[in-house]
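# Chain and residue survey
Below, each chain spelled out in residue letters.
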Amino acid sequence: MRSKNPDLMVQIMEYIDDYYSKYCSSPSVRTIAAGVGISRSTVQRYLVAMNEDGMLSYDGKELITDKIRKTNKSTVNVAVVGSIACGIPNLAEENIEEYVSLPKSMFGEGEFFILRANGESMVDAGIETGDLVVIRKQSCAEDGQIVVALVDDEATLKRLYRDNEKIRLHPENKDMDDIIADDCIIQGIAVKVIKDIH
């Protein structure tokens, strides 16, 4: 058996780690072959050799590298469900754009969804158009928390206050006025903003 090219071993290992970080699963032999630009039989031979050398663990199906082993597997897949107004309330779009894996160590337990911010009303809270806002689903909130509020069937992202039996939804933009309502349905609270880097 010919000795294996160490550079190609590193290339295969890096491809597996990159693939795992994107998709939270190990790539198939076919996927590695296409990604690295070598034949499937060559990938297969290399994986067996790398397994024997202790570079990775390969049981014929799943691949586990040191990096994958150290990755926190305790994640939750969260749906990005369209955009929400950070301005005048608008109808929340309930079409799932994609799923994002979030580490439970950062976000805790619970049911989450992600909305794409749209508008200028929360800029002073650091929420700008295009940012992803991670929302924990819950129907109650404390005064001062940023909430997804449904007012007359329209959703908006604002800071919640209760004033004299009225609901005050406060925009974090000094040029905009509060929304005053008799009632609103709280759909969740903002727990994290993932900045749009484009």
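## Comments concerning the overall build of the chain
- Along its length, the chain carries five helices and eleven strands.
- Looking at the chain as a whole, 40% of its 198 residues qualify as buried.
- Considering only intrachain contacts with a sequence separation of at least 6, the fraction spanning at least 24 residues in the chain is 57%.
- When the accessible surface of the chain is summed, it comes to about 11,700 Å², and 47% of that surface belongs to carbon and sulfur atoms.

## As for the nonpolar core
- Formed by 18 residues in total, the largest nonpolar core has its most connected members in Ile 12, Ile 16, Ile 32, Leu 47, Met 50, Leu 56 and Leu 63.
- When contributions to this core are tallied by element, the ones reaching two or more residues are helix 1 (6-23), helix 2 (29-36) and helix 3 (40-52).
- Per-element tally for this core: the top contributor is helix 1, with six residues.
- If sequence neighbours within four positions are ignored, Ile 32 has contacts with Ile 12, Tyr 15, Ile 16, Pro 27, Gly 37, Val 43, Leu 47 and Leu 63.
- Core analysis: the second largest hydrophobic core is formed by 15 residues, Ala 79, Leu 115, Leu 150 and Ala 155 among them.

## Comments concerning the environment of Glu 97
- With respect to the secondary-structure elements, Glu 97 resides in the loop between strand 3 (75-85) and strand 4 (98-103).
- As for Glu 97 and Ser 83, which are separated by 14 residues in sequence, their C-alpha atoms are 9.9 Å apart.
- Setting aside residues no more than four positions away along its own chain, Glu 97 makes contact with Val 80, Gly 82 and Arg 116.

## Overview of the pattern of salt bridges
- For the structure on display, the rule yields eight salt bridges.
- A salt bridge links Lys 195 to Glu 128; the nearest nitrogen and oxygen atoms lie 3.2 Å apart. One end of the pair, Lys 195, is in the segment after strand 11 (185-194); the other, Glu 128, is in the loop between strand 5 (112-118) and strand 6 (132-137), with 67 residues separating them in the sequence.
- For Glu 128, a relative accessible area of 41% gives the class partly exposed.
- Several salt bridges converge on common partners, so that one network encompasses Glu 128, Asp 131 and Lys 195.

## Re the packing of helix 1 against helix 2
- At their nearest, the axes of helix 1 and helix 2 sit 10 Å apart, and the two run at 115 degrees to each other. For the pair helix 1 and helix 2, the sense of crossing is right-handed. Counting all contacts with helix 1, which are made through Leu 8, Gln 11, Ile 12, Tyr 15, Ile 16 and Tyr 19, the residues of helix 2 involved are Thr 31, Ile 32, Gly 35 and Val 36.
- For the contact of helix 1 with helix 2, the per-class residue count stands at seven nonpolar, three polar and no charged.

## Here we look at the packing of helix 2 against helix 3
- In contact at an axis separation of 8 Å, helix 2 and helix 3 are set at 110 degrees when each is read in the N-to-C sense. Accordingly, the angle class assigned to the pair helix 2 and helix 3 is roughly perpendicular. Here Val 29, Arg 30, Ile 32 and Ala 33 of helix 2 come into contact with helix 3, specifically with Arg 40, Val 43, Gln 44 and Leu 47.

## Here we look at helix 2
- Among the residues of helix 2, Val 29, Ile 32, Ala 33 and Val 36 are the ones counted as buried. The arc that holds the buried residues of helix 2, viewed along the axis, is 100 degrees, so those residues lie on one side. Opposite its buried face, helix 2 presents the exposed residues Arg 30 and Ala 34, each directed more than 90 degrees away.
- Those residues of helix 2 that are buried lie in contact with helix 1, helix 3, strand 1 (57-58) and strand 2 (63-64).
- Note on helix 2: the residue one or two positions beyond its end, Gly 37, has a positive phi of about 85 degrees.

## Details of unusual backbone geometry
- Residue Asn 164 is not a glycine yet carries a positive backbone phi of 45 degrees.
- Unlike most non-glycine residues, Glu 165 shows phi in positive territory, near 65 degrees.
- Among the structural elements, Glu 165 can be located in the loop between strand 8 (154-163) and strand 9 (166-170).
- Residue classification places Glu 165 among the exposed residues on the basis of a relative accessible area of 80%.

Cut-offs and rules
- Throughout this description, residue numbers start from 1 for each chain and increase along the sequence as written.
- Reporting of local features is limited, given that this is a predicted model, to residues whose pLDDT is at least 70; pairs of side-chain atoms are given and counted only at 80 or more, and all residues count toward the totals for whole chains, interfaces and linings.
- As a rule here, side-chain values cover all heavy atoms of the structure and leave hydrogens and water aside.
- Put simply, DSSP H or I for four residues or longer makes a helix, DSSP E for two residues or longer makes a strand, and each gets a number counted from the N terminus.
- Relative accessibility decides the category of a residue: with a 1.4 Å probe and only protein chains considered, values under 20% of the type maximum give buried, values over 50% give exposed, and everything between is partly exposed.
- Residue contacts follow a heavy-atom distance rule, with two residues in contact if any of their heavy atoms lie within 4.5 Å.
- For every accessible area listed, the method is Shrake-Rupley and the probe measures 1.4 Å; residues are considered covered only by the protein chains on display.
- Here, the term nonpolar core denotes a set of buried Ala, Val, Leu, Ile, Met, Phe, Trp, Tyr and Cys residues that are joined through side-chain atoms within 4.5 Å.
- Salt bridges, as used here, are contacts in which a Lys or Arg side-chain nitrogen is within 4 Å of a carboxyl oxygen on Asp or Glu.
- Geometry is summarised by axes, namely lines fitted to C-alpha atoms with helices restricted to the contacting stretch, and by angles between N-to-C directions that run from 0 to 180 degrees.
- Note on convention: near helix rotated counterclockwise from far helix by under a right angle means a left-handed crossing. Clockwise means right-handed.
- In this classification, Asp, Glu, Lys and Arg are treated as charged, Ala, Val, Leu, Ile, Met, Phe, Trp, Tyr, Cys and Pro as nonpolar, and every other residue, Gly included, as polar.
- Roughly parallel means an angle under 35 degrees; roughly antiparallel means over 145; roughly perpendicular covers 65 to 115; every other angle is labelled oblique.
- Relevant arc is that of directions from the helix axis to the C-beta atoms, nothing else.

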